[in-house]
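# Remarks on the overall topology
Single-letter residue listing:
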Amino acid sequence: MNFVVKPLTEEEEALIEERINVYADSMAPSEPHTEEESLVFKAEDKEGKIVGGCVVNIYAWGRAVLAQLWVDGRYRHHGLGSLLIRAAETAAREKGCYYLCLGTADYMARPLYEKHGFRVFTVNRDIPMGHESWSLSKRLDQAVPDYIPKDNTAAEQYHVKPGSKEDAKIIDQGLGAFCEEVVPDRHAYIPLSRKLIDGDGNLIAAVICGIGEDDTADIDGIWVAEGYRRQGIGTRLFGDVEREAKEHGAYVILSYCCDWVSGFFFRNGFYSPRRAFRLSQGPHVLRARKENLTERPVWRPLAAPKGAEEGRIPGCQRAAGCDTI
Ligand SMILES: CC(C)(COP(=O)(O)OP(=O)(O)OC[C@H]1O[C@@H](n2cnc3c(N)ncnc32)[C@H](O)[C@@H]1OP(=O)(O)O)[C@@H](O)C(=O)NCCC(=O)NCCS
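Cut-off values and rules
- Residues numbered from 1 in each chain as written.
- Predicted model: local features only at pLDDT ≥ 70, side-chain atom pairs only at ≥ 80, totals over all residues.
- Helix = DSSP H or I, 4+ residues; strand = E, 2+ residues; numbered from the N terminus.
- Buried ≥ 20, exposed ≤ 12 C-beta atoms within 10 Å, placed from the backbone.
- Pairing = 2+ DSSP bridges.
- Right-handed = clockwise from strand over helix to strand, strands pointing away.
- Near = placed C-beta within 6 Å.
- Nonpolar A, V, L, I, M, F, W, Y, C, P; charged D, E, K, R; others polar.

In this section: the environment of Asp200. Along the polypeptide, Asp200 turns up in the loop between β10 (194–197) and β11 (203–211). As for Asp200 and Phe3, which are separated by 197 residues in sequence, their C-alpha atoms are 9.7 Å apart.

In structure tokens:
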């Protein structure tokens, strides 16, 4: 069958994300039910200039992600970062989330998060190259006393309030400038998302991915239309992405995948640097990683692994081999 490969538009990307979500919901209903949304928090000086802020993304299965925590260099170490973390936790709780996770690196703020009760659940070696980064999480449904910093003068001076999308850009720029000093951007973000369409113009499959400024490629989602699955189309998409990522100089491809699709990732040469972790009400999730970008995946029509009919694969069953976070 002949397909045409084309770049994915932003609208199509949203559509594919929606289809992936519907599929995920059919495999593991989104309980507790939380609506996807992005919340912005900021603190301003007397002139209304943003001196710190963060973004909290709410996802299905009661998950929240604390992203882009940043405090202007002149205002650090007075408790402002902690004030923002507490605001993020409160907001996530109010939205019905039971856990909050985040990513940080060795040149960022792991000790700060640990003081606030976050614990490491994934170590990412050489992400970015030459550095170690971590994923941390904190349960929000368990009583943990708030961490109050030794210097907490910011709590008297600043009031954290909701921000706009424009504010989020300022926060992102502040954090970006901080990171740029340690790990200079090698290039702008390179989008690699693409779709497959058939001769009638029908959207058959798509992959959402790109290469970050630090030469790490990310796969955010892959989707093949029902009726076209188990024919090697997903593998073909992965292969194309991998070849292009390599041509652009990416040294690793990273993704998160749920247990029902992990067999597909493993057969395409990904591995998980640690055991799966389980969202307590939702599926098991794996950090999938592929480093050797020279080996092209070959699709073999294997029999579905035992347990695949319920969406589970051996070694990734609900009760075993997983940590609950
Ligand atoms: C990380 C950041 C947000 C912290 O903000 P802050 O207002 O300085 O933090 P706080 O004053 O609330 O710090 C509270 C405590 O954590 C410690 N802490 C804060 N940042 C830390 C860091 N990067 N490394 C180690 N400890 C840190 C403080 O020393 C203080 O400890 P104490 O109570 O024992 O004295 C800020 O330093 C920043 O914007 N850094 C650059 C961007 C960044 O790394 N963002 C995090 C992205 S994951």
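Okay, the pairing of strand β4 (residues 63–71) next. Along any regular strand the residues' side chains alternate between the sheet's two faces. Summarising burial for β4: 7 of the 9 residues are buried, a large majority. Bridging between strand β3 (residues 50–58) and β4 involves 6 bridges; their strand directions are antiparallel. Considered in β4, the bridge of Ile58 is made with Ala64. Here β3 hands over to β4 after 4 residues, with Trp61 in that stretch at a positive phi of 60°. Bridge count for β4 against strand β5 (residues 99–105) is 3 bridges, and the pairing is parallel. From the neighbouring strand, Val65 faces β5, where its bridge partner is Cys101. In this region the chain leaves β4, passes through helix α2 (residues 80–94) and returns to the parallel neighbour β5; the handedness of that crossover is right-handed.

In this section: the site of the ligand. The local shell around the ligand holds 21 residues, among which Arg76, Gly81, Ser82, Ala109 and Pro149 are the closest. Across the shell around the ligand, the residue classes break down as 11 nonpolar, 6 polar and 4 charged.

This part covers unusual backbone geometry. Look at the link from Ile127 to Pro128: it is a cis peptide, with omega at -10°. Tracing the chain through its elements places Pro128 in the loop between β6 (119–125) and β7 (132–139). If you check the backbone angles, Trp61 has positive phi at about 60° while not being a glycine. For Trp61, the position within the fold is in the loop between β3 and β4. One non-glycine residue, Arg230, lies in the positive phi region at around 60°. By the secondary structure assignment, Arg230 is in the loop between β12 (216–224) and α6 (233–247). On the basis of neighbour count, Arg230 is assigned to the exposed category, with 12 C-beta atoms found within 10 Å.

On their own, these measurements won't tell you what the molecule is for.
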